[in-house]
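One letter stands for each residue in the lines below.
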Amino acid sequence: MRFSERPVDGLEIAYEGELLHTEHSGFQLVQVFDHPTFGRTLVLDGLVQTSQRDEFFYHEMLVHPAMLSHANPKRVLIIGAGDGGALRRVLEHPSVERVLMCEIDRAVTDVSRALLPDIAGNAFEDPRAEVVFDDGHALVMRSTETFDVIIVDSSDPVGPGIVLFETPFYEACLRLLDPNGVFVAQTGSPVLMPSEIRMVAKNASAAFPDVRFYLGAVPTYPGTLWSYLLAGRSLLVFRGEAGRRATERGIVTRYWTPDVHEAAFALPNFVQEIVGGGAGPLES
Ligand code: AG3
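Residues numbered from 1 in each chain as written. Predicted model: local features only at pLDDT ≥ 70, side-chain atom pairs only at ≥ 80, totals over all residues. Heavy atoms only, no water.

A closer look at the pattern of salt bridges
Here is the rule: For this document, the term salt bridge refers to a Lys or Arg side-chain nitrogen within 4 Å of an Asp or Glu carboxyl oxygen. Helix and strand labels come from DSSP, where a helix needs a run of H or I of at least four residues and a strand needs a run of E of at least two; each type is numbered from the N terminus. Burial status follows relative accessibility: with a 1.4 Å probe on protein chains alone, a residue under 20% of its type maximum counts as buried, one over 50% as exposed, and anything between as partly exposed.
Using the criterion set out here, one finds 16 salt bridges in the structure. Here Asp178 makes a salt bridge to Arg75, at a shortest N to O gap of 3.7 Å. Here Asp178 is found in strand E11 (residues 177–188), whereas its partner Arg75 is found in strand E7 (residues 75–80), with 103 residues between them in sequence. Asp178 gets classed as buried once you look at its relative accessible area, which sits at 17%. One continuous salt-bridge network, built from bridges that share partners, spans Glu55, Arg88, Arg89 and Glu92.

Things to note about the site of the ligand
Applicable threshold: If even one non-hydrogen atom of a residue comes within 4 Å of a molecule or strand, that residue is called near it. Any pair of nitrogen or oxygen atoms within 3.5 Å is treated as a polar contact; in protein, a donor-acceptor pairing is required on top of that, and neighbouring residues in sequence qualify only through side-chain atoms on both sides. Exposure was quantified through the Shrake-Rupley algorithm and a 1.4 Å probe, taking into account, for residues, occlusion by the shown protein chains and nothing else. Space inside and on the surface of the protein is sampled on a 1 Å grid over the protein atoms alone, with a cavity defined as a set of points where a 1.4 Å probe fits but cannot get out and a pocket as an open set with protein on both sides within 12 Å along at least 5 of 7 lines; lining residues have an atom within 4 Å of a point. Molecules are considered to sit inside a cavity or pocket once more than half of their atoms lie within 2 Å of its grid points. Domain ranges listed in this record stem from an automatic or a database domain assignment.
The local shell around the ligand holds 14 residues, among which Glu5, His59, Asp83, Asp153 and Asp156 are the closest. In this structure, a nitrogen atom belonging to the ligand sits 2.8 Å away from a main-chain N or O atom of Val48. Alone, the ligand offers 400 Å² of accessible surface; in the complex the protein occludes 97% of this. The cavity where the ligand resides is the largest pocket. Broken down by secondary-structure element, the contributors of at least two residues to the shell around the ligand are strand E6 (47–51) and helix H1 (55–69). For the shell around the ligand, the element with the highest residue contribution is E6, accounting for 3 residues. When residues of the shell around the ligand are assigned to domains, at least three map to each of domain 1 (2–49) and domain 2 (55–275).

This is the structure we're talking about:
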């Protein structure tokens, strides 16, 4: 069966694969297809979220730069990420004692565990993980718990999830972060969503003292080139230190390397123009 994503007018990215699952969860249309190249692919409201073939491009680049920017991450909050791919990467860091993951839609986790179990591995069985099905924005606004790392694996900066890209939410995240805490979020395609990313940069800079953007490739996301926001009070993202920490922690990756880490923060001029000052140089 054919499924397709229309990220902007005049562009349709079409796939053909077997439909394995379809349901209206109450929050969204939740589908899983089996694609001949990408394998099992999770699609929410017609937007590709992740696939067996390329989930590591996204999950490694969402999680490891933030986790490696912290010397000793123990307490981690994950918003969204119902498939468990981010949870699994967080739990690979041995210092982690507690992960609270808050996904709004239980159906996403249920179908991922049933049909895409490799993405989470054993993460959902890990005693360090607590998974709640709740509104992540509301949880952050009311929480008083402190975290070393906050990861937002949400939908794109358009539509109902937009509150996760606004200054009040960023201020609330900063309030929950330890003084050395690190915030990271996916922020969409700089090619197809430049005005949204410009707004995110402005909102983040109004809340966080230190704001940086970095890039990675995600083959199943429209435009392929994808952006991430890393923010905190004062971020130390040394390439050498990130590499040493990854080795010490026994982190095994297929996309992330120290060189990739450093290169990810090198922004093309058109991206620097979008994010304004949010392109702090990397010390090496
Ligand atoms: N979270 C980011 C999905 C962005 C996809 N956007 C799109 N297809 N337009 C995905 C959840 C993976 N854990």
